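# Architecture and fold: a report
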Amino acid sequence: MIVATARYACARHRSAPRQLPLGHHHRALSLQEAVGVISNSVIGIEQPKGVGFCRTFASDSNSNDNDGDGSSDGNASSNKVPIQVHLKNPIVQKLWIARNEAKQRTSLTDSTQSGGNSQTTDMTKAAAAILKDAQQNQGAGATTASKKEGKHPKESETDIDYPFSQDEFLLETYRNPWGEMRFGKILEDLDALAGNIAFNHVEGNPLIVTAAVDRIRLKHNPVIGDDQTLSGKVTWVGKSSMEIRMGISTSTATNDGDEWLEAYFTFVVLDPETHKPIAVTPLKPETSTERAHFELGAIKARNKKIARKNQLRIGEQHTDITLQMDKNAAKLLEEAGPLLRMPSLADPQNILMDQTHQSNAMIAQPQVRNLHDRIFGGFLMRRAYELAFSTAYVFGGDKPRFLEVDDISFESPVDVGDLLVFNSRVLYTQPNGGNLGDYVQDHEGMPLVMVEVEAWVTVPERATAKVSNHFYFTFALPNQTSCRRVLPGNIDQARRQAVRMAADIEQAKLRS
């Protein structure tokens with residue numbers, strides 16, 4: 001049994017989840033609480049057999065309706081969970097059921113506040129009366145006050161459990177061929193949870209779009225049979241964007257709360273009609289940890305602006321930083337000279353970037369679409385990870401150990417039926433090892449392999465293609481003492497290599 005809490009705290013180790021009946025609380029129900037109970041009894045959301053849902057209403061915030069593809073929700077008016085939900089892994093399924101329920105509760109609440117003239121719900125008169133009473137008890141100014149004053153990080157906090165020790169099917173879903181955690185599946189879960197958290201923080205029903213995945217890094221490999229908990233909350237808010245931090249911790253009788261993964265996602269909030277950025281509800285960090293995360297988020301936001309300003313652009317005047325990038329690129333290309341002109345005399349420990357290339361292609365199938373009928377961003381992340389892993393494996397001759405992924409960009413959506421081409425290559429290596437910070441344990445001295453993956457939406461009928469995503473993965477070769485050095489074959493590759501090296505240096509300054 002999978003026990004999830006999507007903005008609702010759920011008691012752990014409970015033998016079976018249960019729905020809280022109306023009147024269970026020892027206080028007056030808030031409007032959102034009343035809506036939640038009614039939506040379960042009146043709307044009648046369908047759930048897959050054998051999947052229970054447990055919730056205790058912990059806050060009056062909303063839940064997310066966007067998977068990061070930036071499309072409006074075409075299922076908001078449906079009383080059923082979309083069929084594609086039941087085709088996902090159990091954790092994503094659980095999170096999307098929570099999101100669908102919360103989306104309908106939000107519509108129900110908005111309808112009640114505007115007079116009850118809703119065409120998107122199937123409320124009975126009795127349910128409407130209960131909602132009206134709840135609204136009067138809550139007071140008309142509550143929503144406006146929360147907008148002005150902001151929200152605390154804990155109001156968006158969400159977690160979901162992986163009871164691997166009790167659920168053999170779930171365990172098998174996440175097991176890779178070596179009896180370890182299948183991290184591609186974890187990437188799907190992170191994407192699904194981040195969307196729920198983002199919507200927990202905002203007011204109303206805006207359009208929420210995944211702008212980037214800043215970093216996902218592994219402290220150590222977990223034991224696959226141990227129970228795990230994935231949790232997260234909003235940690236920084238700007239004018240129209242927010243950062244979400246998530247972590248996965250082991251939860252056993254002897255080892256409770258040992259975090260082994262952290263992830264940072266950035267979301268942008270848009271007006272659903274104009275698709276222009278709108279203001280995000282302010283964040284009010286309380287604890288020293290929350291304030292530290294907020295300050296780190298502000299620093300990263302500033303660094304992103306600087307990086308965008310200093311991007312190499314054709315036809316534009318160079319800045320001091322871009323001039324230095326060009327100099328670094330020219331030097332890398334010069335070092336590749338023997339491989340390009342006299343390969344038989346070149347250092348055998350060097351290899352051209354083109355020789356590390358791998359690719360695969362697929363038609364985007366409807367079974368992997370998200371709640372908005374576009375391809376699930378978590379699925380794209382998983383496919384990119386699996387290709388990057390294979391690329392590092394073929395390159396290094398050793399089963400690679402995933403350490404981190406940085407700067408995943410979402411540049412354009414992928415639709416059902418698109419021809420999707422993934423291209424990967426080893427961008428550069430650190431043959432003698434490197435330092436990814438104190439968080440990532442036991443990697444010192446291991447050769448590091450940095451793999452770039454691009455996802456392209458290709459249209460053969462028009463002979464066109466455009467990039468939908470960039471991914472940058474870092475792997476270690478745990479059983480090797482060194483690896484070959486990768487050099488560029490042209491100026492474009494040299495610039496890519498120089499820019500990525502500089503970005504990794506900047507990222508290292510933020511690592512702890």
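Here the structure is shown first, and the text comes after it.
Helix and strand counts for the protein come out as eleven helices and 13 strands. A total of 512 residues make up the protein; the buried ones form 54% of that total. Taking the contacts inside the protein whose residues are at least 6 apart along the sequence as the reference set, 79% of them involve residues at least 24 apart. Here the protein has roughly 22,600 Å² of accessible surface; of this, 51% comes from carbon and sulfur atoms.

This brings us to the pattern of salt bridges. Note on pairing: side chains with opposite charge can pair once their charged atoms come close. Counted by the stated rule, this structure contains 23 salt bridges. Between Glu 262 and Arg 217 there is a salt bridge, and its shortest N-O distance comes to 2.4 Å. Note that Glu 262 is positioned in strand 6 (residues 256–270) and Arg 217 in strand 3 (residues 207–218), a separation of 45 residues in sequence. Per residue, the accessibility class of Glu 262 equals that of Arg 217, and both read buried. Its salt-bridge partner being Arg 496, residue Asp 492 comes within 3.4 Å of it at the nearest N-O pair. Of the two residues, Asp 492 and Arg 496 both sit in helix 11 (residues 491–510), four residues apart, roughly one turn of that helix. Of the residues examined, Asp 492 reaches a relative accessible area of 44% and is grouped as partly exposed. In this structure, a network of salt bridges that share partners links the residues Arg 215, Arg 217, Arg 245, Glu 259 and Glu 262.

Next up on the list: the environment of Gln 93. Mapped onto the secondary structure, Gln 93 falls in helix 2 (residues 90–113). Take Gln 93: its relative accessible area is 8%, and that puts it in the buried class. Along the backbone, Gln 93 and Asp 189 are 96 residues apart, and their C-alpha atoms lie at a distance of 9.3 Å.

Its 16 residues place the ends of helix 8 (residues 320–335) 23 Å apart at the C-alpha level, agreeing with the 22 Å of an ideal helix rising 1.5 Å per residue. Of the positions making up helix 8, those classed as buried are Thr 322, Met 325, Asp 326, Ala 329 and Leu 332. Looking down the long axis of helix 8, one finds its buried residues gathered within 125 degrees of arc, a one-sided arrangement. Residues Asp 320, Lys 327, Lys 331 and Glu 334 are exposed on helix 8 and point more than 90 degrees away from its buried face.

Moving on: the nonpolar core. Counting 92 residues, the largest nonpolar core has Leu 190, Ile 216, Met 246, Phe 265 and Phe 473 as its most contacted members. When neighbours within four sequence positions are excluded, Leu 190 is seen to be in contact with Ile 216, Leu 230, Met 246, Leu 261, Ala 263 and Phe 265. Grouped together as the second largest cluster of nonpolar side chains are five residues, Ala 336, Ala 346, Leu 352 and Leu 487 included.

Another aspect to go through is the packing of helix 6 (residues 183–201) against helix 10 (residues 377–396). Relative to each other, helix 6 and helix 10 sit at 155 degrees, their axes nearing to 8 Å. The angle between helix 6 and helix 10 falls in the class roughly antiparallel. For the crossing formed where helix 6 meets helix 10, the hand is right-handed. Residues Phe 183, Gly 184, Lys 185, Leu 187, Glu 188 and Asp 191 of helix 6 touch helix 10, and the partners they reach there are Gly 377, Gly 378, Phe 379, Met 381, Arg 382 and Tyr 385. Broken down by class, the residue content of the contact of helix 6 with helix 10 amounts to five nonpolar, three polar and four charged.

Another aspect to go through is the environment of Asn 205. One can find Asn 205 in the loop between helix 6 and strand 3. Sequence separation of Asn 205 and Leu 270 is 65 residues, and the distance between their C-alpha atoms is 9.9 Å.

Turning to the packing of aromatic side chains, a few remarks are in order. All told, the structure shown has 18 aromatic pairs when counted by the stated rule. With a centroid separation of 6.0 Å and an interplanar angle of 75 degrees, the aromatic rings of Phe 389 and Tyr 393 are classed as edge-to-face. With Phe 389 and Tyr 393 both in helix 10, this residue pair falls four residues apart, about one helical turn. On the accessibility criterion, Phe 389 (14% relative accessible area) is buried. Sitting over the ring of Tyr 472, Arg 500 keeps its end group 4.2 Å from the ring centre.

Next up on the list: the pairing of strand 5 (residues 241–251). One face of the sheet, then the other: side chains in a regular strand alternate in exactly this way. The buried fraction of strand 5 is high, at eleven of eleven residues. Judged by which residues are buried, strand 5 turns out to be covered on both faces: Ser 241, Glu 243, Arg 245, Gly 247, Ser 249 and Ser 251 on one side and Met 242, Ile 244, Met 246, Ile 248 and Thr 250 on the other are all buried. Bridge count between strand 4 (residues 228–237) and strand 5: nine bridges; the pairing is antiparallel. Bridged to Thr 229 within strand 5 is Ser 249. Hairpin connection from strand 4 to strand 5: three residues lie between these consecutive antiparallel strands.

Here is what the cut-offs are and how they apply
Residues numbered from 1 in each chain as written. Predicted model: local features only at pLDDT ≥ 70, side-chain atom pairs only at ≥ 80, totals over all residues. Heavy atoms only, no water. Helix = DSSP H or I, 4+ residues; strand = E, 2+ residues; numbered from the N terminus. Buried < 20%, exposed > 50% of the residue type's maximum accessible area, 1.4 Å probe, protein only. Contact = heavy atoms within 4.5 Å. Areas by Shrake-Rupley, 256 points an atom, 1.4 Å probe, with all protein chains shown as cover. Salt bridge = Lys/Arg side-chain N within 4 Å of Asp/Glu carboxyl O. Expected span 1.5 Å × (residues − 1). Arc of directions from axis to C-beta. Core = buried A, V, L, I, M, F, W, Y, C linked by side-chain atoms within 4.5 Å. Axes fitted to C-alpha atoms, helices over the stretch in contact; angles between N-to-C directions. Parallel < 35°, antiparallel > 145°, perpendicular 65-115°, else oblique. Left-handed = near helix turned anticlockwise from the far one by under 90°. Nonpolar A, V, L, I, M, F, W, Y, C, P; charged D, E, K, R; others polar. Phe/Tyr/Trp six-rings, centres within 6.5 Å; stacked < 30°, edge-to-face > 60°. Lys NZ or Arg CZ within 6 Å of the ring centre and 35° of its normal. Pairing = 2+ DSSP bridges.

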